[in-house]
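Structural overview for review
Given next are the chains, with one letter for each unit.
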Amino acid sequence: MNITQFSIEEIKDPTNIIEGKRYEFLLDVAIDEEDELYSEAGIEVRVLIGHHNEEVRILNYFIIDKAENEYLDFALEDEEEEMILAFCKEQLTVEE
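Figured I'd write up the structure that's included with this text. Counting restarts for each chain: residues are numbered from 1 in the order of the written sequence. Residues qualify for local features only when their pLDDT is at least 70, as the model is predicted, and side-chain atom pairs are given and counted only at 80 or more; totals for whole chains, interfaces and linings, by contrast, use all residues. The basis for every side-chain value is the complete set of heavy atoms in the structure, and neither hydrogens nor water enter the calculation.

Focus: the overall build of the chain
Helix and strand labels come from DSSP, where a helix needs a run of H or I of at least four residues and a strand needs a run of E of at least two; each type is numbered from the N terminus. The helix and strand inventory of the chain stands at one helix and five strands. Starting at the N terminus, the α and β elements of the chain follow one another as β-β-β-β-β-α. Taken along the three principal axes of its C-alpha coordinates, the chain extends 40 × 25 × 20 Å. For the chain, buried positions account for 31% of its 96 residues. What makes two residues a contact is simply this: any of their non-hydrogen atoms within 4.5 Å. In the chain, once contacts between residues fewer than 6 apart in sequence are set aside, the share between residues at least 24 apart is 44%. Whether a residue is buried, partly exposed or exposed follows from its accessible area with a 1.4 Å probe, protein chains only, as a fraction of its type maximum: under 20%, in between, or over 50%, in that order.

Topic: the pattern of salt bridges
For salt bridges, the criterion is a side-chain nitrogen of Lys or Arg within 4 Å of an Asp or Glu carboxyl oxygen. A complete count under the given rule lists three salt bridges for this structure. Residue Lys 12 is joined to Glu 10 by a salt bridge in which the shortest nitrogen-to-oxygen separation is 3.6 Å. Owing to a relative accessible area of 63%, Lys 12 belongs among the exposed residues under this scheme. The salt bridge partner of Arg 46 is Glu 24, with a shortest N-O separation of 2.3 Å. Of the two residues, Arg 46 is situated in strand S3 (residues 43-52) and Glu 24 in strand S2 (residues 21-30); the sequence distance between them amounts to 22 residues.

Here we look at the side chain of Glu 24
For Glu 24, a relative accessible area of 18% gives the class buried. In protein, a polar contact means a hydrogen-donor-capable atom and an acceptor-capable atom, both N or O and within 3.5 Å, with residues adjacent in sequence counting only if both atoms are side-chain atoms; elsewhere, any N or O pair within 3.5 Å suffices. Side-chain polar atoms of Glu 24 contact the side chain of Arg 46, separated by 2.3 Å.

Thoughts on the sheet that holds S2
Taken together, the five strands give an open sheet; going across it, the order is S1-S2-S3-S4-S5, and neighbouring strands pair in antiparallel fashion. Two strands bound the open sheet, and with one partner strand each, they are strand S1 (2-11) and strand S5 (70-72). Neighbouring strand axes in the sheet, compared pairwise and without regard to direction, differ in orientation by 30° on average. Bridge count for S1 against S2 is nine bridges, and the pairing is antiparallel. In the sheet register, Glu 9 faces S2, and the bridge partner there is Glu 24. Only when DSSP finds a minimum of two bridges between them are two strands counted as paired. Axes here mean lines fitted to C-alpha atoms, for a helix over just the part in contact, with angles spanning 0 to 180 degrees between N-to-C directions.

Some thoughts on the side chain of Asp 28
Residue placement: Asp 28 occurs in strand S2. Within polar-contact distance, the side chain of Asp 28 engages the side chain of Lys 66 at 3.3 Å. If we skip the residues at most four places from it in the chain, Asp 28 touches Asn 2, Ile 3, Thr 4, Gln 5, Ile 43, Glu 44 and Lys 66.

Digging into the nonpolar core
If you look at the biggest cluster of nonpolar residues, it comprises 18 residues, and the most contacted ones within it are Phe 25, Leu 27, Val 45, Val 47, Ile 49 and Ile 84. Counting only elements with at least two residues in this core, the list comes to S2, S3, strand S4 (55-65) and helix H1 (78-95). Contact partners of Leu 27, with chain neighbours within four places excluded, come to Ile 3, Gln 5, Phe 6, Ile 43, Glu 44, Val 45, Val 47, Ile 84 and Phe 87. In plain words, nonpolar cores are sets of buried Ala, Val, Leu, Ile, Met, Phe, Trp, Tyr and Cys residues tied together by side-chain atoms within 4.5 Å.

A few points about the pairing of S2
Note that S2 and S3 share nine bridges and pair antiparallel. In the sheet register, Glu 24 faces S3, and the bridge partner there is Leu 48.

Written as structure tokens, this is what we have:
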């Protein structure tokens, strides 16, 4: 899995109930043709990130088939989650 493009947006909490900041990352990923997630049109991973007191963590993620624009019922492997979290942390460091 390789991240080819991404966008990031801070999710505002108008109620100020949630501590810390929340971000939504949209990641275009290239998947090996042998992988069960592979789609010719591509795969997008929507990742919700929480950032509070120097801790950055994945709150949730959704895998989307771009051809059908529908959510896939798959979980990322641990290594893939770690790679995505490291990528998101790096991007948040650049943003600040």
